[in-house]
Amino acid sequence: MATVNRDHAKLICDVGELSAIITDASDLDAMLQKIVDTFAGHMEADVCSIYLYDEAAKELVLRATHGLLSSSIGNVRLRSGEGLTGLAFSERRPIREDDAPAHPNYRFFPGIGEESFRSFVAVPILRGRRPVGAMTLQSKQPSHFSAEDVQVFRAITMQLATTIEMARLLLTLEAAPASLAPAPALSDLRLVHGQVGAEGYAAGEAVLIRQPSLAEIRALIGTTALALPDFRRAVATTEQQLEHLEKLAGERLSDVSAVIFSAQLLMLRDQSWLGAMEEQIAAGTGPAEAVYRVILNYVELFDRMDNAYMREKRYDVMDVGRRLLANLSSHRHVESPLEGRVAIAAELLPSEVLKLGLEKVGGIVLLSGGVTSHVAVLARSLDLPLIFVDDPRLLEIPDGTRMVLDARQGNLYVAPDQEVEQRFREQEEDRRSAPHLAESMREETHTADGTRVHLLANINLLADVEVARSYKAEGIGLYRTEFPFLIRNDLPSEEEQLRIYRRLVEGMPGREITFRTLDVGGDKVLSYFDYAAEANPFLGLRSIRFSLRHRDVFLQQLRAILRAAHDIEVRIMFPMISSPDELAVAADAVDECQASLRREGLPVCERVRLGMMLEVPSVLELMDELAQRAEFFSIGTNDFVQYMLAVDRTNVNVADLYIPHHPAVLRGLHRAIAGALRHDRDVSVCGDMAHDPRFVRFLLGIGVRKFSMSARYLPRVQEAIFATRLDEAQAFAKRLLAESSVSGTTRVLEGG
Ligand code: PEP
Ligand code: MG
């Protein structure tokens, strides 16, 4: 263990001062040097170094060092994962070694003066979740750095991350040979095209959303002289705002909202938190500085927790802190600084999307995720326009830049001309004044030649039920039960689930209702559930695999469904089934729950129909066997495409390879439908292909008579079906199935 008790508070203050100096430093190398000198001094380290990631060379490059030979700057290069530094970078976690040369991953560079160092610490420099470099400390003494040192080093590195990243970008620009075209400047960024996640339109000022770094929180500390009464006023304002948001959430999103803001409210009312701030203010520290210090303390505290649920709390601390500081500096009651604005973010959790919805953000631009990702699915439920654009330059757009988000075409206009804005405003007004699409919906749907087709709704939030009714959905083809699990802070109890499910049942009286059991994992991680991080979450403990592994969670959910549906016929569907064995285990669990509820004398559904989703290609070979136990099937095309083509549905890098009209996908769908119909099983399509009119024709042609989708798409799909004759649809499907290349199917889709 380290024997020296280093003065961390002083270090934090010095780095605070340093931030101010570096903001206007003109010489980047000198600035980085100053950082390493300061760190080395305070940590009593012999070496402190900064490595920055060079995107072009895909290497970490030593950019500044205190303690190693200065000639090594620019020359020591590591690949991601190489050596302990590369490991901290690639795994985005701090590494501490008491005797580094003994570690198998240790990478020794001769001739840079590194021979005699034993203790070693490396922390990643993270910009959001993206690593942009690493910082290291070394000492000749073994066991020189303590766990606390690492925490502080990490916290301060985070604080400096924005500045360091900026330095990295500038250094990259400087290093570019003059003959190369200059890097695109923000002024070139006028129109960006992306993929539509949720349709709609928004015009407003840009606002960058990300977990604020401590540096940004610190930057909120104004210079105005403030005192205790200002602090108390800011606390009261913050409390009012949070109470207001909590109330709104309760009214509009009762199924998922219960605890969204309450953790923050609790924190705000917690005397040890407030007390610590008041104490510092009483001792002469400015209120903003006091708030900042207490936040920093708590963030470190939560970071050290072993439990994932507790570690998550750091974000609540930062959120409350940011709100408190904003109120402290403005002295105004700001209802929602996000209202009507276009939010840009590298990535967002479902709960963050929900919060943005409650704060009435106009639209969202995301850098990661795909159109079938669950964040997009949620945005549709919230009626929040959203597009995905894989262009990191968007993160550099200054807050307040005017934006027009056309999330019908997938276009984002940055600082558009007045004319562009005007054109969109007029279009939007026309659209609003047009008769409401829901009113044009007919009760029943038929093809042009009279074949009956059923149109149902996908439900993500309870709020969707009313929308589904207004669009005359014939029932619920897919209730994604996971959203209440995802957005809360802990597992909903059986009773809580029962209440939510009962409202769903009562919301669609007399209609078909399909509950899909929990589909977590993949891009839907339960942040409070401690399970090991997975390298390939979509191939990991996802969906039914999670339920079967965590049987208590599964049984509790099944019991809640069976109780909620005690007086109706209910359909229970298992996601991501890959074999008859898995289906049998899941189905047996339903029998077991029915039996136990009967024994307990609780009301229980006796009319259960069991079904499964067709999402994993293995099922194509086993339709005959699966049909023995499954009474119905529903094709989740979002996953079916992903697994058939081995293309992560949330990875924008491969979005162009996510091709629903790939001939293997189309033929696979054909086989799946034929397999279900051969056994006279009810079969529907509930993935995104169900709402694309081009695919609706194809699906009709191969025998699909039931479609389930986000209710807002129902009118256009109904219109497409009314306009299609079955024989035409069959001929169209035949032409598509005859094609064996993507270019061939594209041609048919575009031509027909
Ligand atoms: C699908 O995979 O198509 C589907 C409907 O399920 P989810 O999008 O929730 O994975
Ligand atoms: Mg799916």
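Let us look at the overall build of the chain. Tallying secondary structure elements over the chain gives 28 helices and 23 strands in all. The proportion of buried residues among the 752 residues of the chain is 55%. For the chain, the proportion of contacts with a sequence separation of at least 24, taken over those separated by at least 6, is 68%. Counting only carbon and sulfur atoms, one obtains 51% of the accessible surface of the chain, whose full area is about 31,100 Å².

Here the focus is the coordination of the magnesium ion (ligand 2). Perfect tetrahedral coordination of a metal by four donors corresponds to 109.5 degrees between them, and perfect octahedral coordination by six donors corresponds to 90 or 180 degrees. The protein atoms that coordinate the magnesium ion (ligand 2) are E615 (OE) and D639 (OD), at distances spanning 2.0 Å. Of this pair, E615 sits in the loop between strand 20 (607–614) and helix 22 (623–629) while D639 sits in helix 23 (residues 637–645), and the two are 24 residues apart along the sequence. Take D639: its relative accessible area is 2%, and that puts it in the buried class.

Before going further, it helps to examine helix 16 (residues 463–470). Restricting attention to buried positions, one finds in helix 16 the residues D464, V465, V467 and A468. Looking down the long axis of helix 16, one finds its buried residues gathered within 165 degrees of arc, a one-sided arrangement. Residues of helix 16 that are buried sit in contact with helix 13 (374–381), strand 16 (452–459) and helix 18 (494–507). Just downstream of helix 16, K472 is the residue with a positive phi angle, here 60 degrees.

Where helix 6 (residues 228–252) contacts helix 8 (residues 262–269), the two axes come as close as 10 Å, and the packing angle between them is 160 degrees. As far as their axial angle goes, helix 8 and helix 6 are roughly antiparallel. Between helix 6 and helix 8 lies a crossing of left-handed hand. Of helix 8, the residues touching helix 6 (which contributes V235, T238, E239, L242, E243 and E246) are S262, Q264, L265, L268 and R269. Here the residues of the contact of helix 6 with helix 8 sort into four nonpolar, three polar and four charged.

Another aspect to go through is the confidence of the model for the chain. Close reading of the predicted structure is inappropriate where its pLDDT is low. On average, residues of the chain carry a pLDDT of 85, and 87% of them reach 70 or more. For the stretch residues 21–26, pLDDT sits under 50, and the model shows six contacts to residues farther than four places along the chain or on other chains. Ignoring residues within four places in sequence, the model shows residues 331–335, a span with pLDDT below 50, making ten contacts including any to other chains.

Conventions and cut-offs
- Residues numbered from 1 in each chain as written.
- Chains lettered and ligands numbered in written order.
- Predicted model: local features only at pLDDT ≥ 70, side-chain atom pairs only at ≥ 80, totals over all residues.
- Heavy atoms only, no water.
- Helix = DSSP H or I, 4+ residues; strand = E, 2+ residues; numbered from the N terminus.
- Buried < 20%, exposed > 50% of the residue type's maximum accessible area, 1.4 Å probe, protein only.
- Contact = heavy atoms within 4.5 Å.
- Areas by Shrake-Rupley, 256 points an atom, 1.4 Å probe, with all protein chains shown as cover.
- Donors = N, O, S within 2.8 Å, 3.2 Å for Na, K, Ca; no water.
- Arc of directions from axis to C-beta.
- Axes fitted to C-alpha atoms, helices over the stretch in contact; angles between N-to-C directions.
- Parallel < 35°, antiparallel > 145°, perpendicular 65-115°, else oblique.
- Left-handed = near helix turned anticlockwise from the far one by under 90°.
- Nonpolar A, V, L, I, M, F, W, Y, C, P; charged D, E, K, R; others polar.
- pLDDT = per-residue confidence, 0-100.

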